[in-house]
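What follows is each chain in one-letter form.
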Amino acid sequence: MMTRIALIVLLSVLLAAPWMPARANKIEINYTPLMVSNMQPPIAVEAVDGKSYLAYELRLTNGGGFEVKLKTLEVLDKDKQVIKTFSGSDLLQIVTVARKNTTEFKPGDTGFCWITFALDNSSIPKEISHKLTYEIQGTDKADAPILNPETVIETDKVKVDQNELVIGPPLSGKGWVAVGGIGTDTGHRRALLSLNNKLCLSQRFANDWIKLDQNNHTSNGDRRECKSYPCYEQKIISVADGEVVDVVDQFENQIPDKPGRIKIADAGGNYAIVKIGENKYAFYAHMKKGSIKVKIGDTVTRGQEIGLVGNAGNSSGPHLHFHVCDHPSPLYANGVPFVIDQFNVQGKYKSEEEFFKADEQGKAQVIVEQLKGKHEKQMPLAGVIVDFP
């Protein structure tokens, strides 16, 4: 009886209460004119200094009506702990608008953050996000809406993968200088191209391999002659078993130091592309005309000769341009990292600027004894001098 009375009382209360519609989850509105998006999920790769590197990009667009100035950029782990901070001159160095370094974005500006940093191998996060702090300029004007002049935004989390691609060397012998690649913010690292309505960075982890002679010179004799360069006509070898998916062999060598104009599609000159895994393509560029020993459809094995070092395409001197990317195209692709299973390091050049200065003047390169010794399953950093088996 008591249970029945309680139910009657409860029903009476419910029927007497006015009906209220369910309220949707309220979204807090914040004015965030600087919009941020990830270009490519980062992949951690171990380099010759024993640390793991993340190299990736953020795209920034000012979609508002006020100029904004970026103050800090923080990289966060999955627990939102800060693992890397860029501010001041460090921030200015990695942010570009229209290929110029700046942290100021006018209305409509689009720019990029070129992020590269190293962590201990045991500290690689499984996910990262980004926290950006920026100032909105002009909010004190009488006709401006009431806005917080300093804005803080956080991006969505992205997964961090670990590199699993292990390859052999693309060349053999001693004295090979890794120009470009991890450890520099010039050249390949920022060779972002807009192709077929898509932003592509196939050269993100690319190296230009240039050979030194026994006296550490990059050339001897007339620098306008390809034969004056120790690396000219050196054998290029396959870094892994695979299938040849593209070959171009039609361009004459450029005159060193005075390359002629070419179409962007012909930048690689004479080249070969070999599929070495799922969405993994090895690209060998600037080869000597007539030297390529493979054709489309061929199966190649690791160490098999591909062709000879030349100076065709977008090249100012004989060298091998090598990278791995995710699409069978020299440029319409995104670069992916790799490690070379074994090699020795002689040392490292002092700086990229001094390397090219000595190269132009025909002087011996100054080698600093850094990172010297045997290395296994690591990626060469920019500037190391490598001996391949």
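Use the structure listed above.
Anyway, here's the lowdown on the structure attached to this text. (Residues numbered from 1 in each chain as written. Predicted model: local features only at pLDDT ≥ 70, side-chain atom pairs only at ≥ 80, totals over all residues. Heavy atoms only, no water.)

Counting its regular elements, the chain contains 3 helices and 29 strands. The C-alpha atoms of the chain give a radius of gyration of 27 Å, which is well past the 21 Å a tight globule of 389 residues would have. Within the span of the chain, comprising 389 residues, buried residues form 48% of the whole. Intrachain contacts of the chain at a sequence separation of at least 6 include 73% that bridge at least 24 residues. By element, 49% of the accessible surface of the chain is carried by carbon and sulfur atoms, the whole surface being about 20100 Å². Between the averaged position of the 45 positive side-chain charges in the chain and that of its 47 negative side-chain charges there is a distance of 1 Å. (Helix = DSSP H or I, 4+ residues; strand = E, 2+ residues; numbered from the N terminus. Rg over C-alpha atoms; globule rule 2.2 N^0.38 Å. Buried < 20%, exposed > 50% of the residue type's maximum accessible area, 1.4 Å probe, protein only. Contact = heavy atoms within 4.5 Å. Areas by Shrake-Rupley, 256 points an atom, 1.4 Å probe, with all protein chains shown as cover. Lys, Arg positive; Asp, Glu negative; His and termini not counted. Charge placed at Lys NZ, Arg CZ, Asp CG, Glu CD.)

Quick look at unusual backbone geometry now. The phi dihedral of N279 is positive, around 55 degrees, even though this residue is not glycine. Counting through the fold element by element, N279 comes out in the loop between β21 (270–277) and β22 (280–287).

Structurally, the position occupied by L371 is in the loop between β27 (367–368) and β28 (373–378). C-alpha separation for the pair L371 and V384, spaced 13 residues apart in sequence, amounts to 8.1 Å. Leaving out residues up to four positions away in the same chain, L371 has contacts with V48, D49, V345, K348, L381 and V384.

To continue, consider the packing of aromatic side chains. Think of a pair of aromatic rings as described by two things: how far the centres are apart, and how the planes are tilted against each other in angle. With the rule as written, the count across this model stands at 8 aromatic pairs. Between Y31 and F66, the aromatic rings sit 6.5 Å apart at their centres with planes inclined by 85 degrees, giving edge-to-face as the arrangement. Placement of Y31 in the loop between α1 (2–16) and β1 (34–38) and of F66 in the loop between β3 (52–62) and β4 (68–76) is noted, with a sequence separation of 35 residues between them. Judged by its relative accessible area of 18%, F66 is buried. Relative to F338, the ring of F322 has its centre 5.6 Å away and its plane inclined at 80 degrees; by these criteria the two rings are edge-to-face. (Phe/Tyr/Trp six-rings, centres within 6.5 Å; stacked < 30°, edge-to-face > 60°.)

So, about the state of the cysteines. Under the defined criterion, the tally for this structure stands at 0 disulfides. Left unpaired, C200 is separated from the closest cysteine sulfur, that of C325, by 9.9 Å. Given a relative accessible area of 1%, C200 falls into the buried group. Unpaired in this structure, C231 has its nearest cysteine sulfur neighbour in C226, at a distance of 9.1 Å. (Disulfide = S-S within 2.5 Å.)

This part takes up the pairing of strand β10 (residues 127–136). Counting buried positions along β10 gives 7 out of 10 residues, so the element sits mostly inside the fold. Alignment of β4 against β10, held across 8 bridges, turns out to be antiparallel. Pairing of L76 across the sheet is with S129, part of β10. Where β10 lies against strand β12 (residues 158–159), 2 bridges are found, and the strand directions are antiparallel. Note that in β12 the partner of I128 across the bridge is V158. (Pairing = 2+ DSSP bridges.)

This paragraph deals with the pairing of strand β29 (residues 384–388). Buried residues dominate β29, accounting for 5 of its 5 residues. Here β29 shows a buried face lined by V384, V386 and F388 and a second buried face lined by I385 and D387. As judged from the 3 bridges shared by strand β15 (residues 173–179) and β29, these two strands associate in the antiparallel manner. Within β29, the residue paired with G173 across the bridge is F388. With 4 bridges joining them, strand β26 (residues 339–349) and β29 adopt antiparallel strand pairing. Its bridge partner being in β29, V345 is matched across the sheet by V386.

For the rest of this paragraph, the subject is the nonpolar core. Within the largest apolar cluster, 44 residues are counted, with the highest numbers of intra-cluster contacts made by W209, Y284 and F322. Secondary structure elements with two or more residues in this core: β3, β15, β21, β22, β25 (320–325), β26 and β29. Sort the elements by how many residues they give to this core and β26 lands first, with 4 residues. Other than its neighbours up to four places away in sequence, Y284 contacts P170, I236, I237, S238, V239, N270, Y271, A272, V274, L320, H321 and F322. (Core = buried A, V, L, I, M, F, W, Y, C linked by side-chain atoms within 4.5 Å.)

A separate point is the environment of Q346. Tracing the backbone through its elements, the reader meets Q346 in strand β26. The contact partners of Q346, leaving out residues within four places of it in the chain, are K174, G175, I367, K372, I385 and D387. Here D387 takes part through its side chain, which lies 2.7 Å from a polar atom of the side chain of Q346. (Polar contact = N/O pair within 3.5 Å; in protein donor to acceptor, adjacent residues only side chain to side chain.)

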